[in-house]
Amino acid sequence: MTPNIAIVHIETPHWHSIPLWIPLFLLWIPAIILSPLIFFVIFGLAVAGKINPWRAFRVLWDLVCALPGTHVRVTADDANVRVQIL
Amino acid sequence: MNENRRQILEMLVAGKITADEADRLLAALEPAPATTQFSGRIPGAGSSPGGPVKTNARYLRVLVEADESMTGMKGPTTVNVRVPMQLLRAGVRLASLIPKQAHDQLDEALNRHGVPLTLSQIKPENLEELIDHLEDLTVDVDGKEGNGTRVKVFCE
């Protein structure tokens, strides 16, 4: 499953953001529009690197689909940043 | 002993279930072995190659705690990262796309920095076994006195 939403939450001593829900699924729109360009760039890079382009597509797709579940939290100087990909 | 196992044994002792029922319940608690078997071998891996592989862990967790003497910031800094195992798998597959010349340079650089790791040996066919062994991995690093950095890596 591709990542659909990223939740970004930033807290500082002076400012608390509400959890910001970023709809990653909307990236499909530019991705589809730019898909011919993306295809040729990846294909060209794969051929230049002597890699099977279809395998490169597959691996990149797997990488994107594996992103949901990633959770990063950094706390420093009383500030707290949390990023979650769903 | 986990809670479920204890409950089953207590029910057996109390006579609420028979020994056969307890046996079936305990068997149901055991994780089912994966259907796939792998013959690859990871250098340095402890268990026997070719055995059934179970991959229960879903995430790799990395926790870093550093005090102000290390970061120069006020108060401790903590980093808590949870990475899905699926992402690790995809990452290793991505590493397999790296051209051989780049692999050699990477291995050389890693060796130069005291990491005797040969990336080209990590192949998709022994990837599952590698992930399986990560399940048992727990790395705890405590800084020396005065160097308050703690790193913890484990699977969950």
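Residues numbered from 1 in each chain as written. Chains lettered and ligands numbered in written order. Predicted model: local features only at pLDDT ≥ 70, side-chain atom pairs only at ≥ 80, totals over all residues.

(A) Expanded view of the interface of chain A and chain B. Taken together, the contact between chain A and chain B spans 20 residues of the former and 21 residues of the latter. Put simply, the parts of the chain that give the side of chain A that touches chain B at least two residues each are α3 (53-65) and β3 (71-76) of chain A. Per element, the largest residue contribution to the side of chain A that touches chain B is six residues, and it comes from β3 of chain A. When the residues that make up the side of chain A that touches chain B are grouped by side-chain class, the tally is nine nonpolar, five polar and six charged. Of the strand pairs in this sheet, β3 of chain A and strand β2 (residues 77-84) of chain B are connected by five bridges, and their pairing is antiparallel. (Contact = placed C-beta atoms within 7 Å. Helix = DSSP H or I, 4+ residues; strand = E, 2+ residues; numbered from the N terminus. Nonpolar A, V, L, I, M, F, W, Y, C, P; charged D, E, K, R; others polar. Pairing = 2+ DSSP bridges.)

(B) Representation of the packing of helix α2 (residues 35-48) of chain A against α3 of chain A in the model. Residue and element names in this part refer to chain A. Contact geometry of α2 with α3 gives a least axis separation of 9 Å together with a crossing angle of 120 degrees. By the angle between their directions, the pair α2 and α3 is classed as oblique. In the packing of α2 onto α3, the handedness of the crossing is right-handed. Residues I42, F43, A46 and V47 of α2 touch α3, and the partners they reach there are P53, A56, F57 and L60. A class-by-class count of the residues in the contact of α2 with α3 yields eight nonpolar, no polar and no charged. (Axes fitted to C-alpha atoms, helices over the stretch in contact; angles between N-to-C directions. Parallel < 35°, antiparallel > 145°, perpendicular 65-115°, else oblique. Left-handed = near helix turned anticlockwise from the far one by under 90°.)

(C) Geometry of the environment of V8 of chain A. Residue and element names in this part refer to chain A. Considering the arrangement of structural elements, one finds V8 in strand β1 (residues 5-11). Residue classification places V8 among the partly exposed residues on the basis of 14 C-beta atoms within 10 Å. It is 5.0 Å that separates the C-alpha atoms of V8 and L20, two residues lying 12 residues apart in sequence. Other than its neighbours up to four places away in sequence, V8 contacts L20, I22 and V83. (Buried ≥ 20, exposed ≤ 12 C-beta atoms within 10 Å, placed from the backbone.)

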